[in-house]
Amino acid sequence: MKSRNNVTEFVHLGLTQSLQGQKILFVVFLFIYMVTMVSNLLIAITVVVSPILNSPRYFFLGYLSFMDAVYSTTVTPNMIIDLLSEKKTISFQGCMTQFFIGHLPGGAEILHLMIMAYDRYVAICKPLHYLTIMNKQVCALLLLLTWVGGFLHAVGQLLFVYNLPFCGPNVIDHFLCDMCLFLKLACTGTYIIGLTVVASDGAMCMVIFMLLLISYGVILHSLKTLSLEGRCKALPTCGSHITVVVHFVPCIFMYVRPPSTLPIDKSLNFFCTIITPMLNPLIYTLRNGEMQNAVKKLWTRKRKEGKIDHLFSMKNCSFQVSHV
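Residues numbered from 1 in each chain as written. Predicted model: local features only at pLDDT ≥ 70, side-chain atom pairs only at ≥ 80, totals over all residues. Heavy atoms only, no water.

Per an unreviewed UniProt entry, the protein carries the name Olfactory receptor and comes from Camelus ferus. A UniProt comment under Sequence similarities (unreviewed entry) is attached to the protein, and it reads "Belongs to the G-protein coupled receptor 1 family." (UniProt positions renumbered as here; feature names shortened; annotations may be inferred.)

The structure is reproduced here in structure tokens:
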């Protein structure tokens, strides 16, 4: 597949042109990225190695953290480097790659949220059949479907823009490669493509958003049949999952409207790509008592093993010295 354009690179204007502001943002973004990666990888590793978290619920939470780590890595490191660079350029192929890789985990994560809602529905509404319905094979198949869906979504987005002719200018008033900006820079009519993007992406966001609201509405309605203890256990979990609507508000605003670029788009993209992956561990997982206990047990055990290994090596050294 060969693109038809005279542009070999794009120039990002970023969030600010102020040198002082860029230094401040560098520190802020680096801190956010470190917190995002540490928290998400901590959750993913804990779910993998902790036997007490061997359930479909934590299986999906662990993969959500993995997706957030991948999604954040597609954009944030490049933003951090750009903040220290005098000229913020990215090659045409690099921009297309960032665009594709950003949409791949992004699309997969939206579908993954649907699966998490289904998992909570089965756990609360059909508790006696939960482990039968959500067995390992089903969980693996559902996870595979999310990545297939994310891949198809990313390929569709790339096909929209890759063959557009770009004759110049090549300046992107953004910190990432975005669909609306591609349509704006293309030296051909993009009205039909823009409407197609709105119809596909906007419909996807709205349909999944409505399905999530309906599913959690059914779950909350079914809580009336549970005991008081059951409600106390289920409500915090559902409350955390329902906050997912915050994730869809920026997506709906950006895609369920005629294709255009607005000043607020930078802030919305910043929230989706930088802030959301950092907040998801806190919203979904780290407030969970079982997860907190698993993290404490895991890293307490690692420290103890480290101390034992250290003492063992000290004893070996002393034995060798005395033997000599």
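Draft legend 1. Main features of the side chain of Ser50. Considering the arrangement of structural elements, one finds Ser50 in the loop between helix H1 (19–49) and helix H2 (56–83). In this structure the side chain of Ser50 is engaged in a polar contact, spanning 2.8 Å, whose partner is the backbone oxygen of Thr46. (Helix = DSSP H or I, 4+ residues; strand = E, 2+ residues; numbered from the N terminus. Polar contact = N/O pair within 3.5 Å; in protein donor to acceptor, adjacent residues only side chain to side chain.)

Draft legend 2. Structural detail: the packing of helix H3 (residues 92–125) against helix H7 (residues 191–222). Between H3 and H7, whose axes approach to 10 Å, the crossing angle comes to 15°. Here H3 lies roughly parallel to H7, going by the angle between them. As for the relative orientation of H3 and H7, their crossing is left-handed in sense. Of the residues in H7, those in contact with Gly107, Ile110, Leu111, Leu113, Met114, Met116, Ala117, Arg120, Tyr121, Ile124 and Cys125 of H3 are Met204, Ile208, Leu211, Leu212, Ser215, Tyr216, Val218, Ile219 and Ser222. Broken down by class, the residue content of the contact of H3 with H7 amounts to 16 nonpolar, three polar and one charged. (Axes fitted to C-alpha atoms, helices over the stretch in contact; angles between N-to-C directions. Parallel < 35°, antiparallel > 145°, perpendicular 65-115°, else oblique. Left-handed = near helix turned anticlockwise from the far one by under 90°. Contact = heavy atoms within 4.5 Å. Nonpolar A, V, L, I, M, F, W, Y, C, P; charged D, E, K, R; others polar.)

Draft legend 3. Representation of the packing of aromatic side chains in the model. The full count for this structure, using the stated rule, is 12 aromatic pairs. Judged by centre distance (5.8 Å) and plane angle (90°), the rings of Phe10 and Phe166 are edge-to-face. On the criterion of sequence distance, the pair formed by Phe10 in strand E1 (residues 9–12) and Phe166 in the loop between helix H5 (136–162) and strand E3 (171–172) is long-range, its members being 156 residues apart. The same class applies to Phe10 as to Phe166, namely buried. Geometrically, the ring pair formed by Tyr63 and Phe66 is edge-to-face, given 6.3 Å between the ring centres and 85° between the ring planes. With Tyr63 and Phe66 both in helix H2 and three residues apart, this pair spans about one turn of that helix. What makes Phe66 partly exposed here is its relative accessible area of 39%. (Phe/Tyr/Trp six-rings, centres within 6.5 Å; stacked < 30°, edge-to-face > 60°. Buried < 20%, exposed > 50% of the residue type's maximum accessible area, 1.4 Å probe, protein only.)

Draft legend 4. How the structure looks around the sheet that holds E1. Strand order in the open sheet formed by three strands is E2-E1-E3, and the pairing between neighbours is mixed. Of all the strands in the sheet, the pair left with one neighbour each is strand E2 (89–91) and E3. Relative to E3, E1 runs parallel, the two being bridged by two bridges. Considered in E3, the bridge of His12 is made with Ile172. Strands E1, E2 and E3 of the sheet are contacted by H3, whose axis makes an angle of about 85° with E2. (Pairing = 2+ DSSP bridges.)

Draft legend 5. Region of interest: the UniProt feature "transmembrane region" (unreviewed entry) in the protein. As recorded in UniProt, the sites labelled "transmembrane region" (unreviewed entry) are residues 24–48, 60–80, 100–118, 138–160, 191–214, 234–256 and 268–286. Taken end to end, residues 24–48 has its terminal C-alpha atoms 36 Å apart, with 100% of it in helix and 0% in strand. Across residues 138–160 one finds 100% helix and 0% strand; the C-alpha atoms that close the span lie 33 Å apart.

Draft legend 6. Structural context of the side chain of His103. With respect to the helices and strands, His103 occurs in helix H3. When its relative accessible area of 14% is taken as the criterion, His103 is described as buried. A distance of 3.2 Å separates the side chain of His103 from the side chain of His153, its partner in a polar contact.

Draft legend 7. Representation of the pattern of salt bridges within the structure. Applying the stated criterion to the full structure yields one salt bridge. Arg120 is the salt-bridge partner of Asp119, the closest N and O atoms lying 2.9 Å from each other. Neither Asp119 nor Arg120 differs from the other in exposure class; each is buried. (Salt bridge = Lys/Arg side-chain N within 4 Å of Asp/Glu carboxyl O.)

Draft legend 8. Summary view of the packing of H2 against H5. The N-to-C vectors of H2 and H5 enclose an angle of 25°; their axes lie 11 Å apart at closest approach. It follows from the interaxial angle that H2 and H5 lie roughly parallel. Here H2 and H5 pass one another in a crossing that is right-handed. Residues Pro56, Phe59, Phe60, Tyr63, Phe66 and Met67 of H2 touch H5, and the partners they reach there are Cys139, Leu142, Leu143, Thr146 and Trp147. Across the contact of H2 with H5, the residue classes break down as 10 nonpolar, one polar and no charged.

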